[in-house]
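Chain by chain, the residues:
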Protein chains: 2
Amino acid sequence: MLETFIDAAVGRIKADIVLKNGKFVNVFTGEICEGDIAIKGDKIVGFGKYEGEKEYDIAGKIVVPGWIDAHVHIESSQLSPEEYAKLIVPLGTTTVIADPHEITNVCGIAGAKYIADASKNTPLEVKVMLPSCVPATPFETSGAVLNGADTEKYLQEPFLHGLGEFMNYPGVIHKDPDVMKKLEAAQKLGKIIDGHAPDTSGLGLNGYIFPGICTDHECVSPEEAEEKVSKGVYVHLREGSATRNVAVNCKAVNAKNLRRFLLCTDDRHAADLKANGHLDNALRVAVKAGLDPIWAVTIATLNAAECYRLHGKGAIAPGYDADLAVLEDLKDFRCAYTFKAGKLVAQNGKALFETKEKILPDAVKNTVHLNKKVGADDFKLTLRGKRANVIRLIKDNVVTEKVVREVESKDGDVVLNGTDLLKLAVVERHHNTGNIGLGLLEGYGLKGGAIALTIAHDSHNIIVLGDNNADMASAVEEIRKIGGGMAISKGGKTESLALDIAGLMSSLPAEEYIARSEELLEKAYAMGISRDVEAFMSLSFLALPVIPALKMTDQGLFDVTKFAFCDINA
Amino acid sequence: MLETFIDAAVGRIKADIVLKNGKFVNVFTGEICEGDIAIKGDKIVGFGKYEGEKEYDIAGKIVVPGWIDAHVHIESSQLSPEEYAKLIVPLGTTTVIADPHEITNVCGIAGAKYIADASKNTPLEVKVMLPSCVPATPFETSGAVLNGADTEKYLQEPFLHGLGEFMNYPGVIHKDPDVMKKLEAAQKLGKIIDGHAPDTSGLGLNGYIFPGICTDHECVSPEEAEEKVSKGVYVHLREGSATRNVAVNCKAVNAKNLRRFLLCTDDRHAADLKANGHLDNALRVAVKAGLDPIWAVTIATLNAAECYRLHGKGAIAPGYDADLAVLEDLKDFRCAYTFKAGKLVAQNGKALFETKEKILPDAVKNTVHLNKKVGADDFKLTLRGKRANVIRLIKDNVVTEKVVREVESKDGDVVLNGTDLLKLAVVERHHNTGNIGLGLLEGYGLKGGAIALTIAHDSHNIIVLGDNNADMASAVEEIRKIGGGMAISKGGKTESLALDIAGLMSSLPAEEYIARSEELLEKAYAMGISRDVEAFMSLSFLALPVIPALKMTDQGLFDVTKFAFCDINA
């Protein structure tokens with residue numbers, strides 16, 4: 001086969017496809033070049049003067065290497081990998097580095113394998129990282145536990161590309177033995193290790209990155225990005241749905257440090273992908289914020305290929321993978337054609353591929369394990385006195401506040417009527433432990449009902465919020481019935497939308513899922529939930545015991561600032 | 001062990017070594033930074049504020065990552081790897097990418113293994129490439145042959161880092177089956193492939209680099225370098241003993257394409273290393289030619305590490321190998337200290353390491369295999385007429401000219417007396433074939449004797465030059481006696497210097513070897529050899545049948561322009 005490629009490269013035979021009369025971004029020289037681009041099979045054979053069996057006149061357009069999203073949790077789209085690919089491939093993305101952290105916390109390694117297998121069903125190339133923090137903390141009950149020995153074993157699986165974002169910063173710098181095992185396994189196997197280290201600097205940062213943790217997507221200022229880059233860390237400029245750092249952090253990029261930046265979306269939900277786009281959106285933001293368009297393209301292609309050692313990707317050159325996006329311009333980044341591995345897979349925003357029968361293994365279905373029905377009494381909250389530690393929401397933020405409130409009680413249960421307080425519970429759903437963590441939340445605004453969800457970072461138990469025990473129980477029961485998803489209950493009447501894949505993602509077509517989830521969202525707001533919060537998604541972060549100050553797990557109220565459980569009695 | 005590193009990185013315990021009060025080049029940001037550099041064991045644990053068990057005050061000095069010579073044939077130093085390391089480590093070089101092309105052509109894979117093993121005897125880190133062209137052409141008799149199957153087998157050896165410079169450009173673009181096998185083996189095994197493609201461009205270049213050949217050190221103009229870089233090739237700026245391209249080619253480097261350049265010496269002999277230096281010399285030349293000093297440092301460190309996938313090398317950052325050079329400045333690049341893997345290995349130009357007993361396996365010794373003594377009559381040259389095709393030397397060039405000369409004959413042998421012609425012979429020395437290629441050379445200026453040498457690129461047979469048959473025979477006999485090396489013979493009186501390692505390198509200490517080879521060189525010039533040629537080394541290229549126009553192999557006179565043997569009768 002090499003012979004045929006060489007024949008095409010030297011022009012001895014026609015190429016399969018030639019893009020003619022356009023320009024292209026040469027990420028090696030930082031220039032916009034002219035010339036035919038010739039494709040044979042799945043490879044670019046060269047640029048210059050070529051003839052092809054099929055020729056595309058792309059006059060006025062500009063070709064770039066297919067975008068590489070350098071860090072994403074596909075689960076956050078709430079779509080199957082197949083439907084995710086249909087949304088983003090037409091936008092020019094051909095490769096993503098995916099950390100299946102969420103589904104692995106629910107389903108274990110089978111979850112990661114599912115993401116890899118389902119992706120193969122699409123033209124999107126998904127490099128799957130092995131999640132490093134399953135569970136994220138020992139203070140919650142996750143579906144699976146991957147320890148150091150598991151990590152060493154799984155990192156040798158060919159379908160896994162490296163070790164996913166290492167969120168356990170304290171575990172690294174305080175030398176937790178199991179953390180050491182995970183890191184040493186990755187080192188020994190020569191695998192890349194992604195980082196996640198918000199607000200770290202100085203010697204602490206040195207200790208954290210020493211083991212080879214070489215990326216970070218959590219910078220919130222150019223200064224933080226600059227220090228990390230100076231220490232050899234590749235810094236992801238992130239433009240997610242909730243966390244949008246590109247406009248600020250791209251101020252850190254200059255001609256001298258350019259090669260150490262990446263672009264990523266981290267978490268983007270389906271509606272955002274549909275409405276605003278994927279990396280194309282991040283690129284628009286970057287260029288609007290003043291980043292040189294060619295630099296932006298380089299960051300979104302070659303840099304990611306170099307960082308993640310995707311040799312033969314991220315550039316337009318002989319022998320490189322024929323992963324290309326043909327754009328209208330370098331301002332709006334509208335994609336006219338996407339080629340993946342030499343095949344035209346999208347045109348004018350429309351996917352040209354059909355995913356075969358969706359892959360949906362048993363391991364990711366029916367992941368709500370509640371043998372014993374949860375009843376209204378399970379949500380009775382008996383205080384010793386009148387003062388309670390309460391979680392208070394902060395607008396536009398996943399960080400919460402710990403406040404003390406005076407609470408009335410009656411018949412061994414708190415009285416919420418007449419307050420801005422709601423009951424917040426996390427019901428364990430993986431192992432039938434019967435665990436229910438129960439507490440109080442302020443600032444959500446729900447009246448006369450309950451709302452429940454199986455996306456509850458990072459262990460993804462059932463999180464339920466309500467102002468009465470009966471509706472909370474009905475909402476949980478509805479979740480159980482649909483096998484995971486989102487539900488609301490008002491006076492015993494429930495409405496829901498299944499997330500049939502691990503309780504995290506829907507196997508519905510993207511557009512149908514977006515429509516139905518928006519419909520349910522509106523019904524939630526109709527129950528009085530404040531428009532200051534994103535009704536379901538704000539809830540999903542209230543179980544994440546690594547973000548300050550006060551959170552809820554299935555094991556109880558947790559004070560993140562003290563890294564210890566917290567008595568609700570203040 | 002990771003725990004101790006982390007303790008040192010976060011400043012919980014003292015580092016082993018701290019470099020204080022100096023500055024350093026940060027190749028990630030392109031800046032000169034301040035801060036202590038802390039080393040623990042073989043690693044840099046960080047920069048910032050540190051205390052160390054041992055502290056060096058390096059006020060006024062500047063630290064850089066240890067130089068990485070991105071392409072070198074150690075054999076060209078004519079020294080053992082141990083002696084080579086003693087010369088270059090004190091100049092700041094800590095890693096080289098070595099292609100043992102010469103010794104492998106003599107000794108086969110055992111030659112490459114010897115280079116790897118002997119290097120382990122030193123602090124110099126030598127990444128050994130598997131030579132791709134053994135022999136360089138089918139028109140000569142080499143000591144060993146490595147075909148496609150051998151290549152696939154050996155590339156899996158852990159001591160080999162990749163596939164060495166692929167000199168057979170025609171073999172690639174014309175799809176020679178064995179060439180295809182070699183390239184496919186490297187592709188399959190994910191190994192880097194070095195290139196060697198002088199004066200190639202356009203679609204031919206596309207075809208050549210398609211298989212993943214991703215470096216080139218043969219550019220002779222900035223334009224050539226620019227095209228190669230634009231196609232994804234890493235371009236080595238080369239400053240060898242004979243081929244000095246840095247000053248010219250560094251004009252191709254700019255802020256946008258900087259990351260795709262490397263620095264190398266390719267071929268540098270011992271005397272040149274001693275007198276002028278190694279990469280430090282190349283850096284002086286580059287900076288003098290106008291290259292930004294920080295760019296130059298980046299090219300000589302991080303870029304090489306990235307190209308050759310030496311993860312954790314080429315920069316000063318937490319977790320990186322503690323391979324450092326402490327320089328006086330970025331103009332003269334004088335090296336005050338060299339640290340390798342955290343150990344001080346050289347100071348003020350002096351190596352602080354002793355190589356253990358030199359490694360010298362039988363496989364690289366006694367490589368002259370001539371069972372039958374070569375006699376004077378073996379050099380009789382009988383022409384059919386008076387006109388002969390003659391090799392004519394071109395000053396300062398390894399390219400030769402093919403000229404036709406009128407030659408007298410007597411008693412069945414040419415008469416050289418009264419002409420500027422000499423007899424040039426290549427005597428096969430590997431397999432006792434008895435092959436002797438014989439012809440005429442013009443422009444060397446030797447009178448009344450002969451000169452012989454076992455460095456004869458690339459098959460390294462015995463090349464002998466003389467104006468009389470008896471001295472030619474004595475010189476060859478002397479070579480046989482000393483087991484390879486360089487010899488002169490004048491009126492039957494011989495003088496010589498052994499190259500006891502494969503007939504290519506001496507196991508003598510560097511200084512002794514330099515002194516003795518210069519002594520012999522002067523004796524050669526005393527025989528009338530023109531000072532326009534380098535008496536021995538110019539000879540060594542006359543057997544290389546890949547450089548135009550007319551060359552000599554053990555199989556006869558070879559016309560490189562026609563890629564065919566050539567009758568001496570014109």
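Up top is the structure these notes are about.
Enquirer: Could you clarify how one ought to interpret the overall build of chain A in this entry?
Expert: When helices and strands are counted, chain A shows 17 helices and 32 strands. Taken over C-alpha atoms, the radius of gyration comes to 25 Å for chain A, in line with the 25 Å a tight globule of 570 residues would show. For chain A, the C-alpha atoms occupy an extent of roughly 90 × 50 × 45 Å along the three principal directions. Relative to its 570 residues, chain A shows a buried fraction of 63%.

Enquirer: Sorry, what's going on with the relation of the copies chain A and chain B here?
Expert: Put simply, the second copy of the chain is the first one after a rotation about an axis and a shift along it. Mapping chain A onto chain B calls for a screw motion: a turn of 180° about the axis and a shift of 0.0 Å along it, with 0.1 Å RMSD after fitting. In short, the pair behaves as if placed about a two-fold rotation axis. Residues of chain A ranked by C-alpha distance from the rotation axis are headed by A:Ala255, positioned 3.3 Å from it. A high fraction, 100%, of the interface residues of chain A reappear at the interface in chain B, so the copies pair face to face through one surface.

Enquirer: Before we go on, may I ask you to explain the packing of helix α7 (residues 177–188) of chain A against helix α1 (residues 2–9) of chain B in this structure?
Expert: Two numbers describe a pair of packed helices, the interaxial angle and the distance between the axes. Where α7(A) meets α1(B), the closest approach of the two axes is 11 Å, and the angle between their N-to-C directions is 105°. In terms of orientation, α7(A) and α1(B) fall into the roughly perpendicular class. Within the contact between the two elements, α7(A) uses A:Met180, A:Leu183, A:Glu184 and A:Gln187 and α1(B) uses B:Leu2, B:Glu3 and B:Ile6. Of the residues belonging to the contact of α7(A) with α1(B), the class tally is 4 nonpolar, 1 polar and 2 charged.

Enquirer: What is the right way to read the environment of B:Ile62 from this model?
Expert: Residue and element names in this part refer to chain B. The residue isoleucine 62 is located in strand β7 (residues 62–65) in this model. For the pair isoleucine 62 and isoleucine 299, spaced 237 residues apart in sequence, the C-alpha separation works out to 17 Å. When near neighbours in sequence (up to four residues on either side) are disregarded, isoleucine 62 contacts Lys23, Phe24, Val25, Ile32, Ala325, Val326, Leu327, Asp329 and Leu330.

Enquirer: Explanation requested: the sheet that holds strand β6 (residues 52–57) of chain A in the structure shown.
Expert: Sheet strands pair via backbone hydrogen bonds, and the direction of the pair is either parallel or antiparallel. All names here are of chain A. Sheet architecture is open: 4 strands sit in the order β5-β4-β1-β6, paired in mixed fashion. Since the sheet does not close on itself, it has two edges, and those belong to β5 (43–48) and β6, each with one partner. The mean inter-strand angle of the sheet, taken between neighbouring strand axes irrespective of direction, is 20°. The pairing of strand β1 (residues 15–20) with β6 spans 5 bridges and is classified as parallel. By the bridge assignment for β6, leucine 19 is matched with tyrosine 56.

Enquirer: It is not clear to me how unusual backbone geometry should be interpreted in this structure. Could you clarify?
Expert: Residue and element names in this part refer to chain B. Omega for the peptide link from histidine 457 to aspartate 458 comes to -10°, which places this bond in the cis form. Positionally, aspartate 458 belongs in the loop between β26 (450–453) and β27 (462–466). For the bond from proline 548 to alanine 549, the omega torsion is 0°, close enough to zero to count as cis. The phi torsion at arginine 309 lies on the positive side, around 55°, for a residue other than glycine. Mapping arginine 309 onto the fold places it in the loop between α14 (302–307) and β16 (324–327). With a phi angle near 55°, asparagine 432 is a residue other than glycine that sits in the positive phi range. On the secondary structure map, asparagine 432 appears in the loop between β24 (421–427) and β25 (436–442). Residue classification places asparagine 432 among the partly exposed positions, given a relative accessible area of 33%.

Enquirer: Honestly, the pairing of strand β29 (residues 493–498) of chain B in this entry has me stumped. Any pointers?
Expert: Consecutive residues of a regular strand have side chains that alternate between opposite faces of the sheet. Residues and elements named next belong to chain B. With 6 bridges joining them, strand β28 (residues 485–490) and β29 adopt antiparallel strand pairing. Its bridge partner lying in β29, glycine 485 is registered against alanine 498. Between β28 and β29, which pair antiparallel in sequence order, lie 2 residues; one of them, glycine 491, sits at a positive phi of approximately 60°.

Enquirer: Could you clarify how one ought to interpret the side chain of A:Glu83 in this entry?
Expert: Within the element layout of this structure, A:Glu83 appears in helix α2 (residues 81–88). Each residue touching A:Glu83, except ones within four places of it in the same chain, is listed here: A:Lys358, A:Leu508, A:Pro509 and A:Ala510.

Enquirer: Looking at this structure, I do not really get the interface of chain A and chain B. What am I missing?
Expert: Accessible area lost during the coming together of the parts is what is often quoted as the interface size. With 59 residues of chain A at the contact, the number on the chain B side is 59 residues. Approximately 4600 Å² of surface area, both sides summed, lies buried where chain A meets chain B, with 60% of it carried by carbon and sulfur atoms. On inspection of chain A and its partner chain B, the count reaches 6 salt bridges. For B:Arg260, the salt bridge goes to A:Glu306, with nearest N and O atoms at 3.2 Å. In this structure, the connection of chain A to chain B is made through 20 residue pairs in polar contact (both at pLDDT 80 or more). Grouping the amino acids of the side of chain A that touches chain B by side-chain chemistry returns 27 nonpolar, 18 polar and 14 charged.

Enquirer: Just checking my understanding: could you explain helix α4 (residues 109–120) of chain A for this structure?
Expert: Note that an α-helix has 3.6 residues per turn; residues three or four places apart therefore point the same way. Across its 12 residues, α4(A) extends 17 Å between first and last C-alpha, which sits within 8% of the 16 Å expected from 1.5 Å per residue. Taken as a whole, α4(A) has its buried residues at A:Gly111, A:Ala112, A:Tyr114, A:Ile115, A:Ala116, A:Ala118 and A:Ser119.

Enquirer: Please clarify how the sheet that holds strand β11 (residues 160–166) of chain B should be interpreted in this entry.
Expert: All names here are of chain B. The strand order across the open sheet formed by 5 strands is β8-β9-β10-β11-β12, and the pairing between neighbours is parallel. Both edges of this open sheet fall to β8 (67–72) and β12 (192–195), since each of them pairs with a single strand only. For this sheet, the mean inter-axis angle between neighbouring strands, taken without regard to orientation, is 30°. Contacts between helix α7 (residues 177–188) and the sheet are confined to β11 and β12, with β11 contributing the most and set at about 145° to the helix.

Enquirer: Looking at this structure, how should I read helix α9 (residues 222–230) of chain B?
Expert: Buried within α9(B) we find B:Pro222, B:Glu224, B:Ala225, B:Lys228, B:Val229 and B:Ser230. Two residues or fewer after α9(B) comes B:Gly232, characterised by a positive phi angle close to 90°.

Enquirer: How should the environment of A:Lys523 be read in this particular structure?
Expert: Residue and element names in this part refer to chain A. Here lysine 523 lies in helix α16 (residues 510–526). A residue is classified by how much of its surface remains accessible, and lysine 523, at 30% relative accessible area, is partly exposed. Residues lysine 523 and lysine 380, 143 residues apart in the sequence, show an inter-C-alpha distance of 26 Å. With residues up to four places along the chain from it excluded, the contact list for lysine 523 reads Ile488 and Glu495.

Enquirer: In this structure, what is going on with the pattern of salt bridges? I would like to understand it.
Expert: Side chains bearing opposite charge may pair, as long as their charged atoms lie close to each other. Residue and element names in this part refer to chain A. The tally for this structure, following the rule as stated, stands at 96 salt bridges over all chains. Taking the shortest distance from any N to any O, the salt bridge between glutamate 478 and lysine 481 comes out at 4.0 Å. Here glutamate 478 and its partner lysine 481 are both found in helix α15 (residues 469–482), 3 residues apart, which amounts to about one turn of the helix. For lysine 481, a relative accessible area of 60% corresponds to the exposed category. One network of salt bridges, in which partners are shared, links Lys43, Glu125, Lys127, Lys313, Asp321, Asp323 and Lys340.

Conventions adopted
Residues numbered from 1 in each chain as written. Chains lettered and ligands numbered in written order. Predicted model: local features only at pLDDT ≥ 70, side-chain atom pairs only at ≥ 80, totals over all residues. Heavy atoms only, no water. Helix = DSSP H or I, 4+ residues; strand = E, 2+ residues; numbered from the N terminus. Rg over C-alpha atoms; globule rule 2.2 N^0.38 Å. Buried < 20%, exposed > 50% of the residue type's maximum accessible area, 1.4 Å probe, protein only. Least-squares fit on C-alpha atoms with pLDDT ≥ 70 in both. Contact = heavy atoms within 4.5 Å. Axes fitted to C-alpha atoms, helices over the stretch in contact; angles between N-to-C directions. Parallel < 35°, antiparallel > 145°, perpendicular 65-115°, else oblique. Nonpolar A, V, L, I, M, F, W, Y, C, P; charged D, E, K, R; others polar. Pairing = 2+ DSSP bridges. Buried area = accessible area lost by both parts, 1.4 Å probe. Salt bridge = Lys/Arg side-chain N within 4 Å of Asp/Glu carboxyl O. Polar contact = N/O pair within 3.5 Å; in protein donor to acceptor, adjacent residues only side chain to side chain. Expected span 1.5 Å × (residues − 1).

In short, the description is geometric, and any link to function would need to be established separately.
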